[in-house]
Amino acid sequence: MHTRQCAARIVVVLALVGVAFGAGTVRKDLRFKVGKRPTISVDNQYGPITVKAGAAHQVIVTAILHSDKVELDQSKSGNRIGLVSHLLPGADATSGVVEYEIQVPADANVTVQSETGPIHVEKLRGDVTIEGTNAPISVLDGADGHVHVKTLNGAVSLTNIRNGHVEIVSMGGDVTMSSVSGPFVKVNSNSGKIQYDGDFGAEGNYDFSSHTGNIEAVAPAYASIDVLARSSNGPVQSDFSLEPKHTPFVAAVGSAFHGTLGKAASSVSLFSFSGRIHLKKRQN
Amino acid sequence: MNCQEFESVLPDYLESGHTSEQQAHLSSCSSCAGLVADLNFISATARQLQDAEEPSPAVWNALEIQLRREGLIRDIPIREVVPACSSSLLDFFRRRRTAWLVPVAAALVIAAGVKLYRPFGAGDTNPVARAVAPAPETPANSGEDERVLSTVAARFPAQQANYRKNMEDANSYIRDAEQSIKNDPNDVYSQELLINAYEQKQMIYDLAVDRTGEQ
């Protein structure tokens with residue numbers, strides 16, 4: 001009997017809490033008809049944004065506004081759609097939160113901005129531009145498009161990006177790439193770590209640089225690369241037996257190497273001012 | 001005609017053309033041909049440099065002082081130093097008092113480069129000594145930086161410290177890269193780091209302006 005009363009009280013309390021939290025939230029469902037390669041921009045200062053590939057010719061938006069201190073401004077002009085979380089006076093990082101779930105055509109070009117995020121983009125083949133002050137950023141299963149990311153402190157994760165034109169600028173956020181390949185992959189970090197795990201394929205240019213952040217690249221034994229690594233004030237190490245090449249700069253032993261592996265189809269540059277650089281061989 | 005005889009008539013050769021005998025010697029003597037080619041090259045290059053980009057007098061004075069201090073040049077009339085030099089070259093050098101410093105400076109730079117340049121290969125085992133000057137103390141952010149930070153602080157006080165730290169990090173990167181370039185002006189990779197550092201700073205500006213401008 002005592003147990004039943006206790007359980008009932010818990011249920012009541014949870015229900016009240018749920019009502020209290022739900023009372024301030026507003027759900028908005030939007031649907032837009034679009035043509036080929038539409039452009040969708042989302043500006044949401046506080047709150048998560050998830051963009052996934054959905055059906056062609058339509059954009060479906062689900063937005064949950066956490067209070068009446070924030071409004072959703074929408075616009076559509078031709079093939080362009082804009083979504084802005086408009087903060088009203090008194091809004092803060094709690095009351096100004098809006099959660100976005102957006103489905104777009106796979107060939108859509110998407111621009112996303114958020115201070116807190118997190119930001120997640122998945123299965124797109126169009127161009128993706130993401131700016132996040134502190135937002136964790138993840139891009140998954142992309143192909144054939146540009147992926148441009150700018151962040152101050154948010155961690156950046158790119159997974160399974162093929163034939164991409166990737167450019168990332170990060171100050172303190174760590175950048176992690178797994179199975180990322182393309183004609184162009186560039187990461188410019190300040191103190192954030194750069195981690196790459198892939199095959200450096202597609203006969204591309206891979207350019208990773210940092211000020212103080214460590215750079216770690218893991219590649220398989222079959223990788224075909226011309227790799228130049230140098231840290232002005234940090235250790236540099238390679239697990240591979242590279243065919244040595246000369247470098248046109250003066251460097252102390254252990255702070256630089258230049259060599260090729262296989263047919264040297266891709267160019268890999270690993271530069272840091274004082275970070276540690278390690279080219280690892282993948283253990284399978 | 002031998003080399004000594006050719007050198008004795010070199011000023012006339014440069015100034016007023018050549019005789020068949022001089023030309024015959026030049027055709028058969030690579031040493032004298034090289035000398036003539038060098039003189040013509042120096043003269044032409046000095047003119048081009050002078051016309052293309054005239055450094056400030058302070059640069060020339062500093063270079064001259066340094067060369068005098070090292071005993072590489074002395075206060076001797078030009079005519080005494082190069083008695084065999086052609087009058088046209090002398091006129092050129094007289095007209096442009098310091099023009100001769102151009103090839104001299106170029107030669108010194110090349111000599112220093114040859115002396116210091118040491119390609120580094122993956123198979124090398126001996127460390128190469130490198131003088132690295134210490135980076136200067138961290139200066140404050142620039143006035144423009146502070147204005148941007150003030151704007152951020154006014155609109156988003158909670159973000160001020162975040163932006164300030166990142167601005168300082170970007171400036172620190174710029175200083176380190178600049179110092180590396182000062183240590184080795186020909187280091188293209190340090191130049192690349194500097195470009196990246198400025199790209200980071202530009203991003204901070206962009207983010208700050210975007211956030212403060214849209215509200």
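Residues numbered from 1 in each chain as written. Chains lettered and ligands numbered in written order. Predicted model: local features only at pLDDT ≥ 70, side-chain atom pairs only at ≥ 80, totals over all residues. Heavy atoms only, no water.

Draft legend 1. How the structure looks around the overall build of chain A. Of the regular secondary structure elements, chain A holds one helix and 26 strands. Burial statistics for chain A: of 284 residues in total, 51% are counted as buried. Here the analysis covers contacts within chain A between residues at least 6 apart in sequence; of these, 49% occur between residues at least 24 apart. For chain A, the accessible surface area stands at approximately 12200 Å², while carbon and sulfur atoms represent 53% of it. (Helix = DSSP H or I, 4+ residues; strand = E, 2+ residues; numbered from the N terminus. Buried < 20%, exposed > 50% of the residue type's maximum accessible area, 1.4 Å probe, protein only. Contact = heavy atoms within 4.5 Å. Areas by Shrake-Rupley, 256 points an atom, 1.4 Å probe, with all protein chains shown as cover.)

Draft legend 2. Structural context of the overall build of chain B. A tally of helices and strands in chain B yields 11 helices and one strand. In sequence order, the secondary structure elements of chain B are arranged as α-α-α-α-α-α-α-α-β-α-α-α. Looking at the 215 residues of chain B, the share that counts as buried comes to 33%. Across chain B, the fraction of contacts at a sequence separation of at least 24, relative to all contacts at a separation of at least 6, is 60%. Accessible area for chain B stands at about 13100 Å²; split by element, carbon and sulfur atoms hold 56% of it.

Draft legend 3. Focus on the pairing of strand E12 (residues 146-151) of chain A. All names here are of chain A. Residues Val147, Val149 and Thr151 line the buried face of E12, whereas the alternating positions His146, His148 and Lys150 sit on a face that is not buried. Bridge count between E12 and strand E14 (residues 165-170): six bridges; the pairing is parallel. Bridged to Lys150 within E14 is Val169. (Pairing = 2+ DSSP bridges.)

Draft legend 4. Spotlight on the environment of Thr133 of chain A. Position of Thr133 of chain A among the secondary structure elements: in the loop between strand E10 (128-132) and strand E11 (137-143). Along the primary structure Thr133 of chain A and Leu152 of chain A are separated by 19 residues, whereas in three dimensions their C-alpha atoms are 5.0 Å apart. Ignoring sequence-local partners within four residues, the contact set of Thr133 of chain A consists of Ser114, Glu115, Thr151, Leu152, Asn153 and Gly154 of chain A together with Gln159, Asn162 and Tyr163 of chain B.

Draft legend 5. Examining the sheet that holds strand E9 (residues 119-122) of chain A more closely. Residues and elements named next belong to chain A. Taken in spatial order, the 12 strands of this open sheet run E1-E4-E7-E3-E9-E11-E13-E15-E17-E19-E26-E21, and their pairing is mixed. Of all the strands in the sheet, the pair left with one neighbour each is strand E1 (26-33) and strand E21 (236-238). Averaged over neighbouring strand pairs, the angle between their axes works out to 10 degrees when direction is ignored. Across four bridges, strand E15 (residues 175-180) lies against strand E17 (residues 194-197) in parallel orientation. (Axes fitted to C-alpha atoms, helices over the stretch in contact; angles between N-to-C directions.)

Draft legend 6. Summary view of empty space enclosed by the protein. All names here are of chain A. Tallied over the entire structure, the rule returns four cavities of 30 Å³ or more. The computed volume of the largest cavity comes to approximately 80 Å³. If you trace the largest cavity, you find 15 residues lining it, with Leu124, Val139, Gly142, Ala143 and Val147 closest to the centre. Listing elements by their share of the lining of the largest cavity, those giving two or more residues are E9 and E11. Broken down by element, the residue count for the lining of the largest cavity peaks at four residues, all from E11. (1 Å grid on protein atoms, 1.4 Å probe; cavity = no way out; pocket = protein on both sides within 12 Å on 5 of 7 lines; lining within 4 Å. Points joined across faces, edges and corners; volume = space filled by probe spheres on them.)

Draft legend 7. Fine view of the pairing of strand E13 (residues 156-162) of chain A. Residue and element names in this part refer to chain A. In terms of strand pairing, E11 meets E13 through six bridges, oriented parallel. Paired with Val139 across the two strands is Leu158, which belongs to E13. Judged from the five bridges that link them, E13 and E15 form a sheet pairing that is parallel. Among the inter-strand pairings, Ser157 is bridged to a residue of E15, identified as Thr176.

Draft legend 8. A look at the confidence of the model for chain A. Within chain A, residue pLDDT values average 90, and 90% of them lie at 70 or more. Confidence drops under pLDDT 50 across residues 18-22 of chain A; counting only partners more than four residues distant or on other chains, this segment forms zero contacts. (pLDDT = per-residue confidence, 0-100.)

Draft legend 9. Expanded view of the packing of aromatic side chains. Inspection of the entire model under this criterion finds six aromatic pairs over all chains. Pairing Phe200 of chain A with Tyr206 of chain A gives two aromatic rings, centres 5.0 Å apart and planes at 85 degrees, and the pair type is edge-to-face. Taken individually, Phe200 of chain A and Tyr206 of chain A each receive the classification buried, so the pair is uniform in this respect. Ring centres 5.0 Å apart and planes at 55 degrees place the aromatic pair Phe271 of chain A and Tyr189 of chain B in the tilted group. One end of the pair, Phe271 of chain A, is in strand E25 (residues 266-272); the other, Tyr189 of chain B, is in helix H11 (residues 188-214), on a second chain. Overall, Phe271 of chain A belongs to the buried group, its relative accessible area being 3%. Here Tyr189 of chain B falls in the buried class, since its relative accessible area comes to 16%. (Phe/Tyr/Trp six-rings, centres within 6.5 Å; stacked < 30°, edge-to-face > 60°.)

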